[in-house]
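Here's the letter readout for the chains.
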Amino acid sequence: MRVVSGIQPTGNLHLGNYLGAIRNWVKMQDDIAGNGENAGECLFFLADLHALSMAHDPAALRAGTLEMAAALVACGIDPDKSILFNQAQVPAHAELQWLLSGTARMGWLGRMTQFKDKSGKNREGASIALFTYPVLQAADVLLYQATHVPVGDDQKQHLELARDIAQKFNSDFCGEDDPVFTLPEPIIPPEAARIMSLRDGSAKMSKSDPSEMSRINLHDDADTIMKKVKKAKSDADALPSESAGLADRPEALNLVTIYAAITGQSADAVLREHGGAGFGAFKPALGAVLVETLAPISQRFRELKQDRESLDAILARGAAKARERGRQTLAQTYHALGLVRG
Ligand code: TYM
């Protein structure tokens, strides 16, 4: 088992990232570590190269990379159990992206919904990196022969593209019994695949939403969390006693989903307990479980982010291991393409 996943280090780690992906990273890390040496390995990285696809401030990217490393460690990523690094320290990511660019098709990339969303009406002015971003993402996982990629639902399409690229490369350039790339499986938590904005139940919770009130950041203090939850958009009805009753109530569904995911229950179990309650009662209960889970994380985050030297050392150590893990696949890719390296 080779578990690989990444997160962009621009903006804060928010509840959607945590419930949709990072919590699964920690779980997979601990399952693998508890299973002895042969069970596999986890590689988690800060996708700093991906940040170039949008306008960015270099100083903020540098600071954001270290802060995100601190946030991941605060959430439970243990640099002694997992390989934690940033892409920019492992040139093989960018190299493999170019090698795969001959295999990826324009039509495949043109269908990526994230490119359509992020480029919006300004497609002509979007960066080339925003368009080819999913090829870099494919390189990120294929470089390490990832078998499992824990992500939220919004990354599923990118993972399907990575599989398509791997499959086409294997069939175009490798013998039938000698494929270069493993096809990665996305691992998406059904109970928290898509956490929505607190201001709009039809938009996902996102770092790029201009409204701070739309998301809960993992370092928000208890008062801020309570305030955001109490101001979250909801409706005037009481909660139903079964999840089927939430079908046309996206904001209510989102708040129940968050409660269920954070307490590790099903939505039906939450509604058995809270069905009949209005949001005046449910929101403080939700705020309380969020504060209980997030307070220790944000406390650790505040301590860790002060120690820049340790964070630099963690990333340097992780990058050295990642460079080693990717070496063979990169060499095989050059070779399969008929390229002679210096
Ligand atoms: P990013 O940085 O946007 O998000 C990091 C992870 O958080 C998940 N996520 C969510 N899950 C549920 N609800 C939400 N509202 C929500 N918002 C974010 C994302 O699905 C993701 O798992 N392109 C990736 C980073 C990346 C990557 C990779 C991931 C680069 N290379 C290779 C996996 C494998 C991204 O921008 O994620």
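Residues numbered from 1 in each chain as written. Predicted model: local features only at pLDDT ≥ 70, side-chain atom pairs only at ≥ 80, totals over all residues. Heavy atoms only, no water.

## Details of the site of the ligand
Quick reminder of the rule: A cutoff of 4 Å decides nearness: a residue is near a molecule or strand if any of its heavy atoms lies inside that distance of it. Here a polar contact means two N or O atoms within 3.5 Å. Within protein one must be a hydrogen donor candidate and the other an acceptor candidate, and residues neighboring in sequence count only if both atoms are side-chain atoms. A 1.4 Å probe and the Shrake-Rupley method give the accessible areas. Residues count as covered only by the protein chains that appear here.
Taken together, 28 residues are adjacent to the ligand, and Tyr133, Gln137, Asp140, Asp154 and Ile195 come closest. Gln8 is positioned with one of its backbone polar atoms (N or O) 2.9 Å from an oxygen atom of the ligand. Asp154 places a side-chain nitrogen or oxygen 2.4 Å from an oxygen atom of the ligand. Out of a free accessible area of 710 Å², the ligand has 96% covered by protein chains.

## Considering the packing of helix α3 (residues 92–101) against helix α6 (residues 128–142)
To keep things clear, this is the line we draw: Axes, fitted as lines to C-alpha atoms, cover a helix only where it is in contact. Angles between the N-to-C directions of the axes lie from 0 to 180 degrees. In DSSP terms, a helix is any run of H or I states spanning at least four residues, a strand is any run of E spanning at least two, and both are numbered starting from the N terminus. Less than a right angle of anticlockwise turn of the near helix away from the far helix marks a crossing as left-handed, whereas a clockwise turn marks it as right-handed. Contacts between residues were defined by any pair of non-hydrogen atoms, one from each residue, lying within 4.5 Å. Classification convention: Asp, Glu, Lys, Arg as charged; Ala, Val, Leu, Ile, Met, Phe, Trp, Tyr, Cys, Pro as nonpolar; all other residues, Gly among them, as polar.
The geometry of α3 relative to α6 is characterised by a closest axis approach of 8 Å and an angle of 115° between their N-to-C directions. You can see that α3 and α6 cross each other, and the crossing is right-handed. Every residue of α6 that contacts α3 at His93, Ala94, Leu96, Gln97, Leu100 and Ser101 is listed here: Thr132, Val135, Leu136, Ala138, Ala139, Asp140 and Leu142. Residue composition of the contact of α3 with α6, by class: 8 nonpolar, 4 polar and 1 charged.

## Observations regarding the pairing of strand β2 (residues 41–46)
Using the following cut-off: Think of it in three bands: with a 1.4 Å probe and only protein chains considered, a residue is buried below 20% of the maximum accessible area for its type, exposed above 50%, and partly exposed in between. Here, strands pair whenever DSSP counts at least two bridges between them. Crossover handedness is defined by viewing with both strands directed away from the observer: a clockwise path from the first strand over the helix to the second marks the crossover as right-handed.
Counting buried positions over the 6 residues of β2 gives 5, a clear majority of the element. The pairing of strand β1 (residues 2–7) with β2 spans 6 bridges and is classified as parallel. Of the residues in β2, the one forming a bridge with Ile7 is Leu46. Two strands pair when backbone bridges link them, and β2 and strand β3 (residues 83–86) are joined in this way by 4 bridges, in the parallel orientation. Residue Phe45 lies in a different strand from β3, and its bridge partner there is Phe85. With helix α2 (residues 58–75) bridging β2 and its parallel neighbour β3, the resulting β-α-β unit is right-handed.

## Some points on the packing of aromatic side chains
In plain terms, the rule: Two rings belonging to Phe, Tyr or Trp (six-membered ring only in the last case) form a pair when the distance between their centres is within 6.5 Å. Interplanar angles under 30 degrees mark stacking, angles over 60 mark edge-to-face geometry, and anything in between is tilted.
One pass over the full model with this rule turns up 8 aromatic pairs. On the basis of an interplanar angle of 80° and a centroid distance of 5.1 Å, the ring pair of Phe115 and Phe131 is categorised as edge-to-face. Residue Phe115 is located in helix α5 (residues 113–119), and its partner Phe131 is located in helix α6; the two are separated by 16 residues in the primary sequence. For Phe115, a relative accessible area of 8% corresponds to the buried category. A centroid spacing of 5.0 Å and a plane angle of 55° characterise the contact between Phe169 and Phe173, whose relative ring orientation is tilted. On the criterion of helical spacing, the pair formed by Phe169 and Phe173 is a turn pair, its members being 4 residues apart in helix α7 (residues 156–173). Of the residues examined, Phe169 reaches a relative accessible area of 0% and is grouped as buried.

## Thoughts on the nonpolar core
Cut-off, in case you're wondering: Among the buried residues, those of types Ala, Val, Leu, Ile, Met, Phe, Trp, Tyr and Cys that are joined through side-chain atoms within 4.5 Å form a nonpolar core. For each domain, the first and last residues come from an automatic or database assignment.
Formed by 60 residues in total, the largest nonpolar core has its most connected members in Leu15, Leu19, Ile22 and Leu290. Residues lining this core come from more than one domain, with at least three contributed by each of domain 1 (2–193 + 308–336) and domain 2 (212–304). Apart from the residues lying within four places of it in its own chain, the contact partners of Leu15 are Gly20, Met205, Ile216, Leu218, Ile258, Ile262, Leu290 and Leu294. In terms of nonpolar packing, the next biggest core, distinct from the first, is built from 41 residues, Ala104, Tyr144, Phe181 and Tyr334 among them.

## Comments concerning the environment of Pro179
Note that Pro179 resides in the loop between α7 and β5 (185–187). Accessibility expressed as a relative area gives 45% for Pro179, which makes it partly exposed. Residues Pro179 and Arg62, spaced 117 residues apart in sequence, show a C-alpha to C-alpha distance of 37 Å. Among residues more than four places away in sequence, those in contact with Pro179 are Asn170 and Cys174.

## Quick look at the pattern of salt bridges
Selection rule: Between Lys or Arg on one side and Asp or Glu on the other, a salt bridge is scored when a side-chain nitrogen of the former is within 4 Å of a carboxyl oxygen of the latter.
Within this structure, the stated rule accounts for 19 salt bridges. The salt bridge involving Arg2 is made with Glu41; its shortest N-O contact spans 3.0 Å. Here Arg2, found in strand β1, pairs with Glu41, found in strand β2; they are 39 residues apart in sequence, far enough to count as distant. The closest approach of N and O atoms between Glu324 and Arg327, which form a salt bridge, is 2.8 Å.

## Considerations on the environment of Phe173
Its relative accessible area of 36% is what places Phe173 among the partly exposed residues. Counting along the chain gives 163 residues from Phe173 to Thr10, while the straight-line C-alpha distance between them is 36 Å. Once you skip the residues sitting within four places of it in the chain, Phe173 turns out to touch Thr103, Ala336 and Leu337.

## Let's talk about unusual backbone geometry
The backbone of Gln145 shows a phi angle near 55°, a positive value even though the residue is not glycine. Take Gln145: it is sitting in the loop between α6 and β4 (148–150).

## As for the domain arrangement of the protein chain
As a reminder of what qualifies: A simple way to read buried area is as the amount of 1.4 Å-probe accessible surface that goes missing from two parts once joined, with both sides added.
Examined at the domain level, the protein chain breaks down into domain 1 (2–193 + 308–336) and domain 2 (212–304). The C-alpha centroid of domain 2 is placed 29 Å from the C-alpha centroid of domain 1. Taken residue by residue, the interface counts 16 residues in domain 1 and 17 residues in domain 2. In this assembly, domain 1 packs against domain 2 so that about 1400 Å² is buried in total across both faces, 71% of it on carbon and sulfur atoms. Per-residue buried area on domain 1 facing domain 2 is highest for Asn12, Leu15 and Ala74; these three make up 38% of the total on that side.

## Quick look at the state of the cysteines
To be explicit about the condition: In plain terms, two cysteine sulfur atoms within 2.5 Å form what is called a disulfide here.
Tallied over the full model, the rule gives 0 disulfides. There is no disulfide at Cys42, and the cysteine sulfur nearest it, in Cys75, is 15 Å away.

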